[in-house]
Amino acid sequence: MTTKAERTTAYIIETVAPIFNRQGYVGTSMSDLTEATGLTKGALYGNFENKDALALAAFEYNSTRLLHALEKQLSGPGTAMERLANLTEFYKNYDTFTRDMGGCPILNVGVDAQYNHRTLAAAARETARTIEGKIAVVLEDGIREGELRLPVPPLLFAKQLFTMILGAVTMATISNDRKYLHNTIAYLEILIKKELGK
């Protein structure tokens, strides 16, 4: 059973996470946060040491949601090819999945914080590396089971695959056109079958 303080902390994080993600660290003011939560500045600082701590908690909240969703796609039953198909299917609707988060947390925070918040930028990089690692594990499983053939090391292929996915997310976000996402994922599905399938 959670305490009132724990529920308040969770409420604050859930409420401010999409705001930080959409507006960025610098673009988000304390008045934005007090207005959204209905709490005073003192109440926010009673739960978080400062704006930095709150921004980091907000990113970790969004990042955890993303990683859990991906883990569900990549660690379930089925062959490596089926789990890769789950991954591409997930990213076909990634814009819908991230809508209430304020967009892709890796893209938004990674770019926004690059020159103004080292800790947030590092957290975004770490999340990207974690996703690449999860994809690499699926590829390694497929190789071990004799299901996949890979022309390069699994982590290298995973990094390239994720680079293409995130590039599509970026273009879909910038242009406000989800065809960038759909077309790239359709190409990746063909590429995976052609390059990896036996």
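Notes on the structure follow. These numbers come from a predicted model, not from an experiment. (Residues numbered from 1 in each chain as written. Predicted model: local features only at pLDDT ≥ 70, side-chain atom pairs only at ≥ 80, totals over all residues. Heavy atoms only, no water.)

**Observations concerning helix α8 (residues 118–144)**
What sets the pattern is the α-helix's 3.6 residues per turn: residues three or four places apart point alike.
Then step 1. Compared with the 39 Å implied by 1.5 Å per residue over 27 residues, the 38 Å span of α8 between its first and last C-alpha is a close match.
Then step 2. Among the residues trailing α8, G146 stands out with phi positive, at a value near 75°. (Helix = DSSP H or I, 4+ residues; strand = E, 2+ residues; numbered from the N terminus. Expected span 1.5 Å × (residues − 1).)

**Regarding the pattern of salt bridges**
Then step 1. The final tally for this structure, using the stated rule, is 10 salt bridges.
Then step 2. Here E71 makes a salt bridge to K134, at a shortest N to O gap of 2.4 Å. With a gap of 63 residues between them, E71 in helix α4 (residues 51–74) and K134 in helix α8 connect regions that are remote in the sequence.
Then step 3. Residue classification places E71 among the partly exposed positions, given a relative accessible area of 31%.
Then step 4. Looking at K134, the relative accessible area reads 21%, which means it is partly exposed.
Then step 5. Each of R83, D141 and R144 takes part in one network of salt bridges that share partners. (Salt bridge = Lys/Arg side-chain N within 4 Å of Asp/Glu carboxyl O. Buried < 20%, exposed > 50% of the residue type's maximum accessible area, 1.4 Å probe, protein only.)

**Observations regarding the nonpolar core**
Then step 1. Grouped together as the largest cluster of nonpolar side chains are 36 residues, with contacts concentrated most on Y91, I131, I135 and L139.
Then step 2. When residues of this core are assigned to their parent elements, the largest contribution, eight residues, is made by helix α9 (residues 154–175).
Then step 3. Among the nonpolar cores identified, the runner-up in size contains 22 residues, and A57, A113, L120 and A123 belong to it. (Core = buried A, V, L, I, M, F, W, Y, C linked by side-chain atoms within 4.5 Å.)

**Some words on helix α7 (residues 105–112)**
Then step 1. By the criterion of burial, α7 is predominantly enclosed, with six of the eight residues buried.
Then step 2. Contacts made by the buried residues of α7 are with α1 (4–23), α4, α6 (94–97), α8 and α9. (Contact = heavy atoms within 4.5 Å.)

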